[in-house]
Amino acid sequence: MTMNPSRIMSVVLQRRGLISASGSASILRPSISTLEKDTHDVSSSQRRFLSSTIQSNTTQDHTRYLHQSNTRSINEVNYLQRRYFARNTKRNNTKKYFDGKYSFEDSDRVEAKESKNILIIGSSGILGKTLVSNFGNLHKWNVLGADVVEPSMSEKKSGLSDYISLPNDGSISDITGELYKGVSHSLHGGDTRQNKLDAIVCASGGWAGDVDITDMIDNHLAETSSSELEDVDYEEEYARESAMVCERMMRMNYYPIVAGSQIGRRFMKRGGLFVIIGASAALSPTSGMLGYGSAKAAAHHYLQSWGPTTNEENNTTAVGILPLMIDTPNNRAMLGADDDEGGDDRYSKMVKPIHIANEIGEWIKQPHLRPHSGSLVKVIAKNKKDGSGGAAFHLVR
């Protein structure tokens, strides 16, 4: 006996729970897994019949969106589904799943705004102050600062909830020890989830070029008497000062990252964020600034090696942000005249600190926007003559 194809399809749908025996849809929103399974198990003609049957009992645009996404991964489709409903809810002014706000969260739940604990190493620098102000004042998060330079009273009131003083010329173990004790005291031992860190940002750093032997000799001539000059070995002095620059660059650009990662192992929440500030210049050889380039390259290597490990252990995401040059008063003074006066065009490539702060803030609030752990993200400024613009973040490694 030959059965009608429509009857066969109806029986299939009933067995899979997509429609009831009466022919009406049993669900409003078909699950992603069911749709993907059906589109692989049935023929092309039956797939079209299945699609039309479901569309008649659901929102037509929603079903088409799901079918177009059936070749993507389940996680990606789930994310895009939430995004689709968020946009259509706002545009069509239908059921207020999100209380009238644009959101990527699930439609059946609205999370309460959670206070977060953030550690900023290098909180007294230009970028560090911007991070403190953005996280502490704008987001009302609990911001713990750490630096070798004590903050002023006004800076303490500009978003800092606590401060840790670090040794200026300390070894890497000295810096780690002081940071550990300060964080433990501030978080009361970090015994509960509420007393742990959501994010650590290593914003400390500094720049120095290679020693110029001619300038070094001129400085010695100006500072010493003629009798003392006879005992000076300039080659030895040049070697010593060159080594001192490399040591200083490592202390400023590499030591805090190692110390911060060790603090993260103990005091970071599961699923936390660890961010370092690297340098896009260190992706290639850095002639004229060997110490700086070597320290930044070491920081990149450390993060790329440590990131996947900590992700497996504690689901922590470790990311490096690599600007060409951050817009600070010192960097502007080093470049000299601005673009309009025929100066260096790198002004247009200087990244505003607030753009870095905003991006990190989004990574803290929305973990699904973060790059994979151990990645390096280059920052490209999009500045305009009128002062407007922004920054683009591109994954490079």
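Scroll up to find the structure this text is about.
What counts, and at which threshold
- Residues numbered from 1 in each chain as written.
- Predicted model: local features only at pLDDT ≥ 70, side-chain atom pairs only at ≥ 80, totals over all residues.
- Heavy atoms only, no water.
- Buried < 20%, exposed > 50% of the residue type's maximum accessible area, 1.4 Å probe, protein only.
- Helix = DSSP H or I, 4+ residues; strand = E, 2+ residues; numbered from the N terminus.
- Pairing = 2+ DSSP bridges.
- Right-handed = clockwise from strand over helix to strand, strands pointing away.
- Expected span 1.5 Å × (residues − 1).
- Arc of directions from axis to C-beta.
- Contact = heavy atoms within 4.5 Å.
- Polar contact = N/O pair within 3.5 Å; in protein donor to acceptor, adjacent residues only side chain to side chain.
- Salt bridge = Lys/Arg side-chain N within 4 Å of Asp/Glu carboxyl O.

Some remarks on the pairing of strand β1 (residues 117–121)
And step 1. Counting buried residues along β1, five of its five residues qualify, which places the element largely inside the surrounding structure.
And step 2. By the alternation rule, side chains of β1 split into Asn-117, Leu-119 and Ile-121 and Ile-118 and Ile-120, which are all buried.
And step 3. Pairing geometry for β1 and strand β2 (residues 142–147), over five bridges, is parallel. Note on β2: the bridge partner recorded for Ile-120 is Gly-145.
And step 4. For the segment spanning β1, helix α6 (residues 126–138) and β2, crossover handedness is right-handed.
And step 5. Judged from the four bridges that link them, β1 and strand β4 (residues 197–202) form a sheet pairing that is parallel.

Considerations on helix α11 (residues 234–253)
Since one α-helical turn is 3.6 residues long, residues separated by three or four positions face the same way.
And step 1. Spanning 20 residues, α11 covers 28 Å between terminal C-alpha atoms, matching the ideal 28 Å at 1.5 Å per step.
And step 2. Every buried residue of α11 is accounted for by Val-245, Met-249, Arg-251 and Asn-253. Taken down its axis, α11 places every buried residue within 165° of arc, on the same side.
And step 3. Packing partners of the buried residues in α11 comprise α12 (255–267) and α13 (290–314).
And step 4. One side-chain oxygen of the residue at the start of α11 lies 3.1 Å from the amide nitrogen of Glu-235, identifying that residue as Asp-233.

Re the environment of Tyr-234
And step 1. The topology assignment puts Tyr-234 in helix α11.
And step 2. Note on Tyr-234: relative accessible area 21%, which makes it partly exposed.
And step 3. C-alpha of Tyr-234 to C-alpha of Met-216: the two residues are 18 residues apart in sequence and 8.5 Å apart in space.

Things to note about the pattern of salt bridges
Where charged atoms of side chains with opposite charge meet at close range, the side chains can pair.
And step 1. Across all of its chains, the model carries six salt bridges by this definition.
And step 2. Asp-327 serves as the salt-bridge partner of Lys-352, at 2.8 Å between the closest nitrogen and oxygen. Taken together, the residues span a long stretch of sequence, with Lys-352 in the loop between β8 (350–351) and α15 (353–365) and Asp-327 in the loop between β7 (325–326) and α14 (329–335) at a distance of 25 residues.
And step 3. The exposure class assigned to Asp-327 is buried, which follows from its relative accessible area of 11%.
And step 4. Taken together, the shared-partner salt bridges connect Asp-327, Arg-332 and Lys-352 into one network.

Describing the environment of Lys-352
And step 1. A relative accessible area of 25% means that Lys-352 is categorised as partly exposed.
And step 2. Separated by 38 residues in the primary sequence, Lys-352 and Gly-390 place their C-alpha atoms 7.9 Å from one another.
And step 3. Non-local contacts of Lys-352, meaning those with residues more than four positions away in its chain, are made with Asp-327, Arg-332 and Asn-383.
And step 4. Side chain to side chain, Lys-352 and Asp-327 meet in a polar contact 2.8 Å long.

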